[in-house]
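# Descriptive structure summary
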Amino acid sequence: MKKILIVEDNELNMKLFFDILTYQNYAVEKSYDGQDAYEKLKINTYDLIILDIQLPKLDGFSLIEKLKNENATLCPIIIVSACAMDLDKQKAASYGINDYLTKPIDINNFIQTVKQKIGK
């Protein structure tokens, strides 16, 4: 079973992502801030990260940068953010992340993007 880490501070969005992904038979773990996600990523391996950008304690881009600076092996990341600005999309692309979905999400597109990244 593929394992996914959701990093999202909004409870409603977290519930939506969690419900969608568990219904699709993925093993899902939750993290509500960037620092907690960082700690989880140091001790666990995941097949995919669903990552918000605006997070408490450590924002999404800072989390990615911190992991890259430590030469951590990163699994695929899908950014899901309310910020649809081109600068954020360009910054994500500079980290090698080309999957950037804006909130509110299209559920079918979300599922399709997840499956394209890691399969079933």
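Residues numbered from 1 in each chain as written. Predicted model: local features only at pLDDT ≥ 70, side-chain atom pairs only at ≥ 80, totals over all residues. Heavy atoms only, no water.

## Considering the pattern of salt bridges
Our working definition: Any Lys or Arg side-chain nitrogen located within 4 Å of an Asp or Glu carboxyl oxygen qualifies as a salt bridge. Counting from the N terminus, the helices are the DSSP runs of H or I reaching at least four residues and the strands are the DSSP runs of E reaching at least two. Only protein chains enter the accessibility calculation, which uses a 1.4 Å probe; a residue is then buried when its area is under 20% of its type maximum, exposed when over 50%, and partly exposed in between.
On inspection of all chains with the given rule, the structure shows eight salt bridges. Across the pair Glu29 and Lys3 runs a salt bridge whose closest N-O atoms are separated by 3.4 Å. Of the two residues, Glu29 is situated in strand S2 (residues 27–31) and Lys3 in strand S1 (residues 3–7); the sequence distance between them amounts to 26 residues. Judged by its relative accessible area of 24%, Lys3 falls in the partly exposed class. For Asp19, the salt bridge goes to Lys15, with nearest N and O atoms at 2.7 Å. Of the two residues, Asp19 and Lys15 both sit in helix H1 (residues 11–23), four residues apart, roughly one turn of that helix. Of the residues examined, Asp19 reaches a relative accessible area of 35% and is grouped as partly exposed. Residue classification places Lys15 among the partly exposed residues on the basis of a relative accessible area of 48%. Beyond isolated ion pairs, a larger network of salt bridges with shared partners links Glu8, Asp52 and Lys103.

## Here we look at the environment of Tyr100
Tracing the backbone through its elements, the reader meets Tyr100 in strand S5 (residues 100–102). Taking the C-alpha atoms as reference points, Tyr100 and Ile49, 51 residues apart in sequence, are found 12 Å from one another.

## Focus on the sheet that holds strand S3 (residues 48–51)
What counts, and what does not: Only strands that DSSP links by at least two bridges are regarded as paired with each other. Lines fitted to the C-alpha atoms define the axes, with helices restricted to the stretch that makes contact. Angles between their N-to-C directions range from 0 to 180 degrees. In what follows, a contact means two residues having at least one pair of non-hydrogen atoms within 4.5 Å.
Reading across from one edge, S2-S1-S3-S4-S5 is the order of the five strands in this open sheet, with parallel pairing throughout. The open sheet terminates on both sides in strands that have one partner only, identified here as S2 and S5. Taking the axes of each pair of neighbouring strands and ignoring which way they run, one obtains an average angle of 20° across the sheet. As paired elements, strand S4 (residues 77–81) and S5 share three bridges and run parallel to each other. When the sheet's bridge partners are listed, Val80 is paired in S5 with Leu101. Sitting on the sheet, helix H5 (residues 107–118) is in contact with S1, S3, S4 and S5, with an inclination near 145° to S3.

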